[in-house]
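If you want the building blocks of each chain, they are given just below.
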Amino acid sequence: MAKDIQRRDFLKRFGAGMAATAAALVACKRSESTQAVEEYKQQQEPPTDKMTYRLNPKTQEKVSLLGYGMMRLPTTDGGSARGSEAPIDQEQVNRLVDYALEHGVNYFDTSPAYCRGESETATGIALSRHPRNSYFIATKLSNFNEQTWSRKASIEMFENSLRALRTDYIDYYLLHGCGMGGMEAYKGRYEDNGMLDWCIEQRRRGRIRNLGFSYHGDIAVFDYLLSRHDEVHWDFVQIELNYLDWDYANEINERNTDARYLYGELQKRGIPSVIMEPLLGGRLANVPQYLVEEMKRRDPEASVASWAFRYAGTPEGVLTVLSGMTFMEHLKDNLLSYCPLRPVTKEEETFLYDVARQIVDVELIPCNDCKYCMPCPYGVDIPGVFVHYNKVKNQGRLPLDAQSPEYRRLRREYLVGQDRSVPRLRQAAHCIGCGQCKPHCPQNIDIPTELHRIDAFAEKVRQDSHGKMV
Amino acid sequence: MLRKYRIALGAAFFLGITLLLLDVSGLLHRFLGWMPKVQLLPAILALNVVVVVLLVLLTLVFGRIYCSVICPLGVFQDAVAHFGRRHKRNRYTYSRPQVWLRYGVLAVFIALLLLGLTGIAALLAPYSTYARFVTHLFQPIWGLANNGAAAVADGVGSYAVSGTDIVFWGWLPLVVALVPFLLISVLAWRNGRTWCNTVCPVGTMLGVLSRFAWLKVRFDADKCRNCSLCTRNCKAACIDYKTHTVDYTRCVACGNCLGACKHGALTYSPPSAAKASPLPEDRTEGELSRRSFLISTAALATVALAQEAKKVDGGLAVIEDKVAPKRQTPITPPGSFSARNMQQHCTSCQLCISECPNKVLRPSTDLTRFMQPEMGYEHGYCRPECSRCSQVCPTGAICKILPPQKTAIQIGHAVWLKKNCLPLTDGVQCGNCARHCPTGSITMVSYDPQDDTSPKVPAVDAETCIGCGACENLCPARPFSAIFVEGHEVHRSI
């Protein structure tokens, strides 16, 4: 009997509830519901007319603060051309480019080397569907392959870029990766063959509208290039800048130079900066959990990455901030950071430096997973090994203390996780130390030494079994 | 009653041994490691007097209960027969004992053991035969399931299950497992315990003892109505209802007849009640010798080894599979003392092979050591922290050692092969062997002693090298390593 009443009671209440909901739905009419949808949209969908622009002091053209890096284009297998061997998903590239243009992005940065050489073509196809004056193209005289260092091959590279990009001028042309391999490599690549002078000549002829260089590595090259500013007149320089590199660049790697110095030197000469690695290869989007919580407490709706983008875009001398966006979600999130830019306050800046200090304290291997070192001729998955090690270290879950009660679990996690992320045949134990990867690393990581260190650590952990088997 | 206990205990032994053989986690041998050690032939080979005496006493008291409970091949046949019999009740018939075949096989078996050809003899041994089914037929499937589970665990961020490598050891081990599997399954499906009572040498040995067992299935001729139900339910085909006799050499004390008899004419009881009856003897071989012929031809058949090329994803250099060098002396695991000790004691049950986490142990195809384990370093090397094979070996072929002892046992020594060495062939720096040698027995020296800038090549101190194979496994030269291990016939300690 009691049960029966309960059921009846429930039905009654349920009915009443339904009626009330229906009434409410009718009553609230259109306005309220559209408002809710609108609010949600504002949080998720970037506006089309709010992009922050910076002025190029020479040409007085407005460059969008968000620049599209075309080095991680989507592939047909759902990955990015950085990691996957599948062909580029042109349809997706078109969609992303259309969306970016529609939301005010007008700076597209590519290179003959990106996406296994396919980036320029894909970029050309996507952009040529729009009026040529609605966007700026940046591409580079790349330095990857010594066989392209001759004058003839270099000029051919430039002409190829024009063809692939379906245009007859380049808005922003860069000497690629100056400083990698030191002064000798720079001279060999850009001066001894007269290519710097040739580029200056092309700028005079209007086939290059702005001439600059991108800088990695040896600071002597940077200083040397700026010392020639009066003669060359650099229109822009591309540097690595983020809240970690600002002061701690040489703590991640002693051969790196703090962004504070690089940006300062450019500002002194009035040269606009183009920013690369605002996320430090994704590392600033993937900070330790306790730092994520800290950031979310301050701004629950903002993504972790958005802090890094706001930081990189805040200095007034920054012309544009490049981001290699593979997926629509990346693009939307970055657009939300810059449409419009909310500059980081002094207080927020201090907070970010504090975050940087804590990240540096974790002392990760500064690998950005750029894969320039690959393929290792002996089959080692170099970035795979570093990424796994960094991940575990970042989470504070390295099995370091054999006395700790957690040790056995951490040990298993480390060893099983290692086999899962990198097949045994490609793990650090197979690095023979030939050093062929070393000159390719833009972060100047001493790859063989680091691999041997990780191998020795894993070996110690493996042997330290206390009679237990893994 | 007897039947119930027999089924419960038999199932427990059977599942325990099967799981132990399948296990890829290396955890189960702590709990189940004793099960293979109470198997008769392994205990004899291990000179385990306690177990042998206990098994003899067990048989003298209960009859061949060993075959019904402890022997996994016996329980396996019961299980197959159970499914085979489902369609047809009361289907067995009495058959006369194949005395010449049984004792002939036993004699050959003992001769092979005395000759030290344990590997060949073990092809007839029940426990290791079953163990080969599991290792070579079921374990690959188990491995796939395990890796599926590991992938799921990975998906949910758990580290409870780790993946395992599934290695194909060639066609020969597969055939050696598959042929007896099919043969014994067919025999069991049709006629129950034919294998146990005509071929199995352990069954024959225990049969000799069980004639004198204290507890036996005994006939009360007065109560018997000659209904034949006992005979038709005897999977050992050992009850002749016409003469009211039970052939105790073949009876495995399963207890099926006790329940089948509606008149209480059969009891499992001490000797007081009934008197022993003489054994009927006969000498027919016919079909059965044909069966054993089939077994031996299958065992001798050789099939070429297929090497499968490994596909890898892009962006990574293709890694060629390593190929095992032709060793002058095979390598046996630490704890086995010598190649001879291994050859004489191993029943080739494959338990060590299925336990080896680094895929170092594999069945030998050499006839004198047929299916017995030997080592190779193409997939991994004998890691310093592991001594799992020595923990599980039931026969004393690999005696129990602990990891610290193991690092002082020299099972072989490394030999440098100049023509494959990378610093000489590719002109790169290497030293991967020296970097990973756990005993520090490899030093990198200048190829030209006069010239310090000449390529650095490994120099092996054969006195301190233990033959673990780290150098061979991690050598970047492929498919043949530039440094490989040559076995020692007799292990030494250093």
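Nothing here was measured: the structure is a model prediction, and the numbers come from that model.

Peer 1: Please explain the overall build of chain B as it appears in this structure.
Peer 2: Looking only at helices and strands, chain B has 23 helices and 10 strands in total. When burial is assessed residue by residue, chain B has 54% of its 494 residues classed as buried. Sequence-distant contacts, at least 24 apart, represent 73% of the contacts inside chain B between residues at least 6 apart. When the accessible surface of chain B is summed, it comes to about 22,300 Å², and 63% of that surface belongs to carbon and sulfur atoms.

Peer 1: Mind showing me how you'd approach the overall build of chain A here?
Peer 2: Regarding its fold elements, chain A presents 19 helices and 10 strands. Long-range pairs, those at least 24 residues apart, make up 76% of the contacts in chain A with a sequence separation of at least 6. Within the structure as shown, chain A displays about 21,400 Å² of accessible surface, and the carbon and sulfur contribution to it stands at 52%.

Peer 1: Please clarify how the interface of chain B and chain A should be interpreted in this entry.
Peer 2: Frequently, the measure chosen for interface size is the accessible area removed from exposure when the parts meet. Taken together, the 36 residues of chain B in the interface contact 34 residues of chain A. Of the roughly 2,900 Å² buried at the junction of chain B and chain A (both faces included), carbon and sulfur atoms supply 52%. Counting across the chain B and chain A interface gives two salt bridges. Arg383(B) is the partner of Glu459(A) in a salt bridge, and the nearest nitrogen-oxygen pair spans 3.0 Å. Applying the counting criterion to the chain B and chain A interface returns 12 residue pairs in polar contact (both at pLDDT 80 or more). For the side of chain B that touches chain A, the secondary-structure elements that each account for two or more residues are helix H10 (126–155), helix H22 (432–436) and helix H23 (470–474) of chain B. Tallied by class, residues from the side of chain B that touches chain A come to 17 nonpolar, 10 polar and nine charged.

Peer 1: Help me understand the side chain of Gln372(B), please; the structure alone is not making it clear to me.
Peer 2: Along the polypeptide, Gln372(B) turns up in the loop between strand E5 (361–363) and strand E6 (373–375). A polar contact of 3.0 Å, which involves the side chain of Gln372(B), links it to the backbone oxygen of Gln343(B).

Peer 1: Even after reading the chapter, I still don't get the pairing of strand E6 (residues 170–178) of chain A, so can you show me in this structure?
Peer 2: Remember that side chains alternate between the two faces of the sheet whenever the strand is regular. Residues and elements named next belong to chain A. Counting buried positions along E6 yields nine of nine residues, so the element is predominantly enclosed. Judged from the four bridges that link them, strand E5 (residues 136–141) and E6 form a sheet pairing that is parallel. Within E6, the residue paired with threonine 139 across the bridge is tyrosine 173. Handedness of the crossover joining E5 and E6 through helix H6 (residues 151–165) is recorded here as right-handed. In terms of strand pairing, E6 meets strand E7 (residues 208–215) through six bridges, oriented parallel. In the strand pairing of E7, isoleucine 170 is matched with isoleucine 208.

Peer 1: Help me understand the environment of Thr326(A), please; the structure alone is not making it clear to me.
Peer 2: Residue and element names in this part refer to chain A. For threonine 326, the location among the structural elements is in the loop between strand E10 (318–324) and helix H15 (328–338). The spacing of threonine 326 and valine 93 is 233 residues in sequence and 8.5 Å in space, taken between C-alpha atoms. For threonine 326, the contacting residues outside a window of four places in its chain are Arg72, Leu73, Pro74, Gly79, Ser80 and Leu96. Of note is the side chain of threonine 326, whose polar atom sits 2.7 Å from the backbone oxygen of arginine 72.

Peer 1: Where do I start with unusual backbone geometry in this structure?
Peer 2: Between Met374(A) and the following residue, Pro375(A), the backbone shows a cis peptide bond with an omega angle of -5 degrees. Structurally, the position occupied by Pro375(A) is in the loop between helix H16 (346–362) and helix H17 (382–394). Across the junction of Arg478(B) and Pro479(B), the peptide omega takes the value 0 degrees, indicating a cis bond. With respect to the element layout, Pro479(B) can be found in the loop between H23 and strand E10 (483–493). At Ala253(B), a residue that is not glycine, the phi angle is positive and equals roughly 55 degrees.

Peer 1: Would you mind going over the packing of aromatic side chains with me for this structure?
Peer 2: Residue and element names in this part refer to chain A. Inspection of every chain in the model, using the stated rule, returns 29 aromatic pairs over all chains. Note on tyrosine 186 and tyrosine 224: the rings are 5.9 Å apart at their centroids and 65 degrees apart in plane angle, and the pair reads as edge-to-face. You can see tyrosine 186 sitting in helix H7 (residues 182–191) and its partner tyrosine 224 sitting in helix H9 (residues 219–227), a full 38 residues away along the chain. Each of the two residues, tyrosine 186 as well as tyrosine 224, counts as buried. Across the ring face of tyrosine 53, the terminal group of lysine 62 is positioned such that the distance to the ring centre comes to 5.0 Å.

Peer 1: Looking at this structure, I do not really get the environment of Pro42(B). What am I missing?
Peer 2: Looking at the element boundaries, Pro42(B) is found in helix H4 (residues 40–45). Measuring from C-alpha to C-alpha, the distance between Pro42(B) and Tyr127(B) comes to 8.5 Å, with 85 residues separating the pair along the chain.

Peer 1: Please clarify how the pattern of salt bridges should be interpreted in this entry.
Peer 2: Pairing between side chains of opposite charge can happen when their charged atoms approach one another. Applying the stated criterion across every chain yields a total of 42 salt bridges over all chains. Among the salt bridges present, the one from Glu265(A) reaches Lys268(A), with a minimum N-O distance of 2.8 Å. Highlighted residues: Glu265(A) and Lys268(A), both in helix H12 (residues 259–268), separated by three residues, approximately one helical turn. Among the ionic pairs, Asp78(B) bridges to Arg6(B), the shortest N-O distance being 3.6 Å. Note that Asp78(B) is positioned in helix H7 (residues 72–85) and Arg6(B) in helix H1 (residues 2–22), a separation of 72 residues in sequence. Each member of the pair, Asp78(B) as well as Arg6(B), carries the same accessibility label: buried. The network of salt bridges with shared partners includes Glu61(A), Arg132(A), Asp171(A) and Arg209(A).

Peer 1: Help me out: how do you make sense of H10(B) in this one?
Peer 2: Side chains three or four residues apart in an α-helix point the same way, a direct result of the helix having 3.6 residues per turn. All names here are of chain B. Taking 1.5 Å of rise per residue, 30 residues should cover 44 Å, and H10 covers 42 Å from first to last C-alpha, within 8% of that figure. Along H10, the sharpest change in direction is near 50 degrees and occurs at phenylalanine 138; proline proline 140 comes one to four residues later. Two residues or fewer after H10 comes glycine 157, characterised by a positive phi angle close to 70 degrees.

Peer 1: Would you take a moment to explain the side chain of Gln391(B) for this structure?
Peer 2: All names here are of chain B. Residue placement: glutamine 391 occurs in helix H19 (residues 388–392). Judged by relative accessible area, which is 14%, glutamine 391 ranks as buried. Within polar-contact distance, the side chain of glutamine 391 engages the side chain of serine 387 at 3.0 Å. Filtering out sequence-adjacent residues up to four positions away, glutamine 391 remains in contact with His29, Lys37, Lys400, Ile401 and Leu402.

Peer 1: How do you make sense of the packing of helix H5 (residues 49–62) of chain B against helix H13 (residues 201–210) of chain B when you look at a structure like this?
Peer 2: Two numbers describe a pair of packed helices, the interaxial angle and the distance between the axes. Residue and element names in this part refer to chain B. One way to put it is that H5 packs onto H13 with a least axis distance of 8 Å and a crossing angle of 55 degrees. By the angle between their axes, H5 is oblique relative to H13. As for the relative orientation of H5 and H13, their crossing is right-handed in sense. Listed contacts from H13 to Val56, Thr59 and Leu60 of H5 are Leu206, Leu209 and Ser210.

Peer 1: Just to check I follow, could you spell out the sheet that holds E6(A) for this structure?
Peer 2: What holds strands together in a sheet is hydrogen bonding between their backbones, with the strands either parallel or antiparallel. All names here are of chain A. Spatial ordering of the closed barrel is given by E3-E4-E5-E6-E7-E8-E9-E10, a layout of eight strands whose pairing is parallel. Each strand of the sheet is rotated relative to its neighbour by a mean of 30 degrees, with strand direction disregarded. Packed onto the sheet, H15 meets strand E3 (66–69) and E10 and runs at close to 160 degrees relative to E3.

Peer 1: How do you make sense of a nonpolar patch on the surface when you look at a structure like this?
Peer 2: Residue and element names in this part refer to chain B. Together, Val49, Val50, Val53, Leu54 and Leu57 line one region of the surface with nonpolar side chains, adding up to about 470 Å² of accessible area. In this structure, leucine 57 sits in helix H5. What makes leucine 57 partly exposed here is its relative accessible area of 46%.

Rules behind the numbers
- Residues numbered from 1 in each chain as written.
- Chains lettered and ligands numbered in written order.
- Predicted model: local features only at pLDDT ≥ 70, side-chain atom pairs only at ≥ 80, totals over all residues.
- Heavy atoms only, no water.
- Helix = DSSP H or I, 4+ residues; strand = E, 2+ residues; numbered from the N terminus.
- Buried < 20%, exposed > 50% of the residue type's maximum accessible area, 1.4 Å probe, protein only.
- Contact = heavy atoms within 4.5 Å.
- Areas by Shrake-Rupley, 256 points an atom, 1.4 Å probe, with all protein chains shown as cover.
- Buried area = accessible area lost by both parts, 1.4 Å probe.
- Salt bridge = Lys/Arg side-chain N within 4 Å of Asp/Glu carboxyl O.
- Polar contact = N/O pair within 3.5 Å; in protein donor to acceptor, adjacent residues only side chain to side chain.
- Nonpolar A, V, L, I, M, F, W, Y, C, P; charged D, E, K, R; others polar.
- Pairing = 2+ DSSP bridges.
- Right-handed = clockwise from strand over helix to strand, strands pointing away.
- Phe/Tyr/Trp six-rings, centres within 6.5 Å; stacked < 30°, edge-to-face > 60°.
- Lys NZ or Arg CZ within 6 Å of the ring centre and 35° of its normal.
- Expected span 1.5 Å × (residues − 1).
- Bend = angle between axes of the 7 residues up to and from the residue.
- Axes fitted to C-alpha atoms, helices over the stretch in contact; angles between N-to-C directions.
- Parallel < 35°, antiparallel > 145°, perpendicular 65-115°, else oblique.
- Left-handed = near helix turned anticlockwise from the far one by under 90°.
- Patch = residues over 30% accessible without salt bridge, like charges linked within 9 Å, V, L, I, M, F, W, Y side chains within 5 Å.

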